[in-house]
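# Analysis of the macromolecular model
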Amino acid sequence: MFYLWYLIFECFIASFLAFFIAQYYIITNKKFPYIFELMNIYNFIALILFVKILSIEYIKFANFLLFIILILFYVRSYLTAKDKFDSRFRSMILSFGYTRETYFYKFLMKRILLRGLEGFSFSIALVLLVNKIPFWLNFKNNFDEFLYVLIFLIGAGIVKATNFGKISRT
C-alpha cells in the first residue's frame, strides 16, 4: 500500500512539473524539443519496461529515470492536447484580442489538464502492471524475449513519431 501512495505522489510531482514546462513553451510560443515528440505511448511502455529491468540491480537510478520518463510522457500528453485545440481555435481566439497568456489560462488549460489526468491514470496503471509481472524474476533466463519486446516497442514508437507521409498545413 505504501508503494501505491509513493507512486501516486511521484506521478503527481512529475505531472506538476510537466505542466509548468508545457505552460512555458506554450505561452512563450517556443517549439517543443524533439525529445517530447519521441515520448509516445510505445516508447513510454518500452522505457517503463527498461526501468523495471534496471531496477533489479540499480533501484535508485531506476527511480530517478522513472521520474524523468514520467515528466517527458506528461509533457507529451499536454503537447498533444495543445496541438488538437490549437489547430482548430488558436487563430480565431487570438484574433479576438486575447493574448497568448489569457488564451492559455481561459481556453487551453482545461483541455491540457484533462489530457494530463488521462496520462496520469495511464502511467500509474502501467507502472503497477509492470510491477506485478511475476516472470521478471527469471529475467536472466528470458533475456532474449524481453529484448525483442523492447526493440519492437521502441521501433513502433520511432515510426509513430516520424512525420513521413503525414499531411500537414505547413
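Data block above holds the structure.
This one's a predicted model, so the numbers in the text were calculated from it and none came from an experiment.

### Things to note about the overall build of the chain
When its secondary structure is counted, the chain shows six helices and zero strands. Classification of the 170 residues of the chain by burial places 38% in the buried group. For the chain, contacts bridging at least 24 residues in sequence account for 77% of all contacts bridging at least 6. Roughly 10900 Å² of accessible area belongs to the chain as shown, and the carbon and sulfur atoms make up 69% of that amount.

### Considering unusual backbone geometry
One non-glycine residue, Asn29, lies in the positive phi region at around 60°. Mapped onto the elements of the fold, Asn29 is located in the loop between helix H1 (2–27) and helix H2 (34–38). Judged by relative accessible area, which is 40%, Asn29 ranks as partly exposed.

### Thoughts on the nonpolar core
Counting 44 residues, the largest nonpolar core has Phe32, Phe44, Ile48, Tyr74 and Ile112 as its most contacted members. Going through the elements one at a time, H1, helix H3 (41–54), helix H4 (59–95) and helix H5 (100–132) are the ones with two or more residues in this core.

### A word on the packing of H1 against H5
Where H1 contacts H5, the two axes come as close as 9 Å, and the packing angle between them is 150°. Compared by their axis directions, H1 and H5 come out roughly antiparallel. In this structure, H1 meets H5 at a crossing whose hand is right-handed. Classifying every residue of the contact of H1 with H5 by side-chain character gives 19 nonpolar, four polar and two charged.

### Digging into the environment of Ile151
The residue Ile151 is located in helix H6 (residues 143–161) in this model. With a relative accessible area of 47%, Ile151 lands in the partly exposed category.

### With respect to the environment of Ile41
Tracing the backbone through its elements, the reader meets Ile41 in helix H3. What makes Ile41 partly exposed here is its relative accessible area of 29%. For the pair Ile41 and Arg76, spaced 35 residues apart in sequence, the C-alpha separation works out to 9.6 Å. For Ile41, the residues in contact, after removing those within four places along its chain, are Phe73 and Phe122.

### A short note on H5
At Leu108, H5 shows its maximal kink, close to 60°. Within H5, burial applies to Tyr103, Phe104, Leu108, Ile112, Gly116, Gly119, Phe120, Ser123, Ile124, Leu126, Val127 and Val130. Contact partners of the buried residues in H5: H1, H3 and H4.

### Concerning the pattern of salt bridges
Here the structure, examined in full by the defined rule, presents two salt bridges. The closest approach of N and O atoms between Arg76 and Glu37, which form a salt bridge, is 3.9 Å. Taken together, the positions of Arg76 in helix H4 and Glu37 in helix H2 put the pair 39 residues apart, joining distant regions of the chain. The partner of Arg115 in a salt bridge is Glu118, with the nearest N and O atoms 3.9 Å apart. Of the two residues, Arg115 and Glu118 are both situated in helix H5; the distance of three residues between them amounts to about one turn of the helix. Given the relative accessible area of 26%, Arg115 is considered partly exposed.

Cut-off values and rules
- Residues numbered from 1 in each chain as written.
- Predicted model: local features only at pLDDT ≥ 70, side-chain atom pairs only at ≥ 80, totals over all residues.
- Heavy atoms only, no water.
- Helix = DSSP H or I, 4+ residues; strand = E, 2+ residues; numbered from the N terminus.
- Buried < 20%, exposed > 50% of the residue type's maximum accessible area, 1.4 Å probe, protein only.
- Contact = heavy atoms within 4.5 Å.
- Areas by Shrake-Rupley, 256 points an atom, 1.4 Å probe, with all protein chains shown as cover.
- Core = buried A, V, L, I, M, F, W, Y, C linked by side-chain atoms within 4.5 Å.
- Axes fitted to C-alpha atoms, helices over the stretch in contact; angles between N-to-C directions.
- Parallel < 35°, antiparallel > 145°, perpendicular 65-115°, else oblique.
- Left-handed = near helix turned anticlockwise from the far one by under 90°.
- Nonpolar A, V, L, I, M, F, W, Y, C, P; charged D, E, K, R; others polar.
- Bend = angle between axes of the 7 residues up to and from the residue.
- Salt bridge = Lys/Arg side-chain N within 4 Å of Asp/Glu carboxyl O.

Interpretation in functional terms is not warranted from these geometric data alone.
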